[in-house]
Amino acid sequence: MPMNLAHRKLCSSEKWARTTRELILPFALDGVDLGDDVLEIGPGYGANLRVLVDRVPRLTAVEVDGKTARLLEGRWGDRARVLHADASDLPLPEASFDSVVCFTMLHHVPTRALQDRVFAEAHRALRPGGVFAGSDSLSSFGFRLLHLFDTMNVLDPEELPGRLAAAGFQDTKVERHTSGSGFRFRCRKAR
């Protein structure tokens with residue numbers, strides 16, 4: 001998780017946790033049935049995870065940064081399974097989850113090819129009929145400043161339906177937030 005100091009401080013803050021709980025997750029998951037077995041990819045410092053553990057019966061989180069994964073395991077390991085792994089090569093069995101979610105992390109995946117591998121792995125990990133849902137940010141001056149010396153590979157929401165279809169998903173919906181700062185997506189694996 002290559003992030004500069006200011007970005008790490010923001011993402012580990014209570015302010016960010018509140019923003020996640022009150023704005024990001026309600027927008028991203030509005031109307032989404034997560035089911036019982038949920039996989040969160042890229043939980044970062046756990047702002048989303050702390051909400052999800054109270055919302056779903058079984059939660060698995062996959063974090064690419066070893067130090068952060070250990071921090072999450074220490075804090076949430078009694079309520080969620082936390083794995084130190086790369087979402088583009090998940091160490092999980094096929095068709096294991098009712099839903100896969102990710103929030104404001106895809107822009108940290110360094111290449112388009114790796115982002116597409118994350119989509120393919122999300123599809124592989126889902127049970128038939130399972131949902132892949134999440135959100136991400138759009139580029140702006142402030143967003144670019146926050147990401148100085150970070151990995152920043154912003155997705156184009158107009159291209160996302162085609163990329164998700166290439167990974168095997170159907171019924172894709174991508175919607176921009178009314179603030180213009182981000183978008184949400186949801187799609188399904190065929191039954």
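Our subject is the structure that appears above.
Trainee: Whenever I open this one, the overall build of the protein chain confuses me. Can you help?
Mentor: On a plain count of helices and strands, the protein chain comes out with 7 helices and 7 strands. Counting from the amino terminus, the protein chain carries its helices and strands in the arrangement α-α-β-α-β-α-β-β-α-β-α-α-β-β. Its C-alpha atoms give the protein chain a radius of gyration of 15 Å, near enough to 16 Å, the size a compact globule of 191 residues would have. Across its three principal directions, the C-alpha atoms of the protein chain cover 45 × 40 × 30 Å. For the protein chain, the share of sequence-separated contacts (at least 6 apart) that also reach a separation of at least 24 residues comes to 66%. Here the protein chain displays about 9100 Å² of accessible surface, and carbon together with sulfur accounts for 52% of that area. On the protein chain, the mean spot of the 26 positive side-chain charges and the mean spot of the 25 negative ones are 3 Å from each other.

Trainee: Would you explain the pairing of strand S5 (residues 126–137) in this entry?
Mentor: Where a strand is regular, its side chains alternate between the two sheet faces. Counting buried positions over the 12 residues of S5 gives 10, a clear majority of the element. As defined by bridge partners, strand S4 (residues 97–103) adjoins S5 across 6 bridges and the pair is classed as parallel. From the neighbouring strand, Val-100 faces S5, where its bridge partner is Phe-132. In this view, the connection linking S4 to its parallel neighbour S5 by way of helix H5 (residues 112–125) has right-handed handedness. Two elements, S5 and strand S7 (residues 182–189), share 7 bridges in a ladder whose sense is antiparallel. Counted as the bridge partner of Phe-132 is Cys-187 from S7.

Trainee: In this structure, what is going on with the packing of aromatic side chains? I would like to understand it.
Mentor: For any pair of aromatic rings, the description consists of the separation of the ring centres together with the inter-plane angle of the planes. Across all of its chains, the model carries 3 aromatic pairs by this definition. With 5.4 Å between their ring centres and 25 degrees between their planes, Phe-132 and Phe-169 make a pair best called stacked. Of the two residues, Phe-132 is situated in strand S5 and Phe-169 in strand S6 (residues 169–176); the sequence distance between them amounts to 37 residues. Like Phe-169, Phe-132 is buried. In this structure an aromatic cluster arises from ring pairing among Phe-119, Phe-132, Phe-169 and Phe-185.

Trainee: Teacher, can you tell me more about the nonpolar core here?
Mentor: The nonpolar side chains of a soluble globular protein tend to be buried, and buried together. Residues Leu-39, Ile-41 and Phe-132 are the most contacted members of the largest nonpolar core, which totals 28 residues. The biggest single contributor to this core is H5, with 4 residues. Residues within four places of Ile-41 in sequence aside, it is in contact with Val-62, Ala-87, Leu-90, Val-100, Val-101, Cys-102, Met-105, Val-118 and Phe-132. Formed by 26 residues, the second largest nonpolar core is a distinct cluster that contains Leu-49, Leu-59, Ala-80 and Val-131.

Trainee: So what exactly am I meant to see when it comes to the sheet that holds strand S2 (residues 58–63) here?
Mentor: In a beta sheet, neighbouring strands pair by backbone hydrogen bonds and run either parallel or antiparallel. Spatial strand order, S3-S2-S1-S4-S5-S7-S6: 7 strands in an open sheet with mixed pairing. Looking at which strands have only one partner, the edges of the open sheet turn out to be strand S3 (81–84) and S6. Taking the axes of each pair of neighbouring strands and ignoring which way they run, one obtains an average angle of 15 degrees across the sheet. Here S6 runs beside S7; their pairing, made up of 6 bridges, is antiparallel. Across the sheet, Gln-170 pairs through a bridge with Arg-188, a residue of S7. The strands touched by helix H2 (residues 14–29) within the sheet are S4, S5, S6 and S7, with S7 carrying the most contacts at an inclination of about 40 degrees.

Cut-offs applied
Residues numbered from 1 in each chain as written. Predicted model: local features only at pLDDT ≥ 70, side-chain atom pairs only at ≥ 80, totals over all residues. Heavy atoms only, no water. Helix = DSSP H or I, 4+ residues; strand = E, 2+ residues; numbered from the N terminus. Rg over C-alpha atoms; globule rule 2.2 N^0.38 Å. Contact = heavy atoms within 4.5 Å. Areas by Shrake-Rupley, 256 points an atom, 1.4 Å probe, with all protein chains shown as cover. Lys, Arg positive; Asp, Glu negative; His and termini not counted. Charge placed at Lys NZ, Arg CZ, Asp CG, Glu CD. Buried < 20%, exposed > 50% of the residue type's maximum accessible area, 1.4 Å probe, protein only. Pairing = 2+ DSSP bridges. Right-handed = clockwise from strand over helix to strand, strands pointing away. Phe/Tyr/Trp six-rings, centres within 6.5 Å; stacked < 30°, edge-to-face > 60°. Core = buried A, V, L, I, M, F, W, Y, C linked by side-chain atoms within 4.5 Å. Axes fitted to C-alpha atoms, helices over the stretch in contact; angles between N-to-C directions.

Structural measurements only, silent on function.
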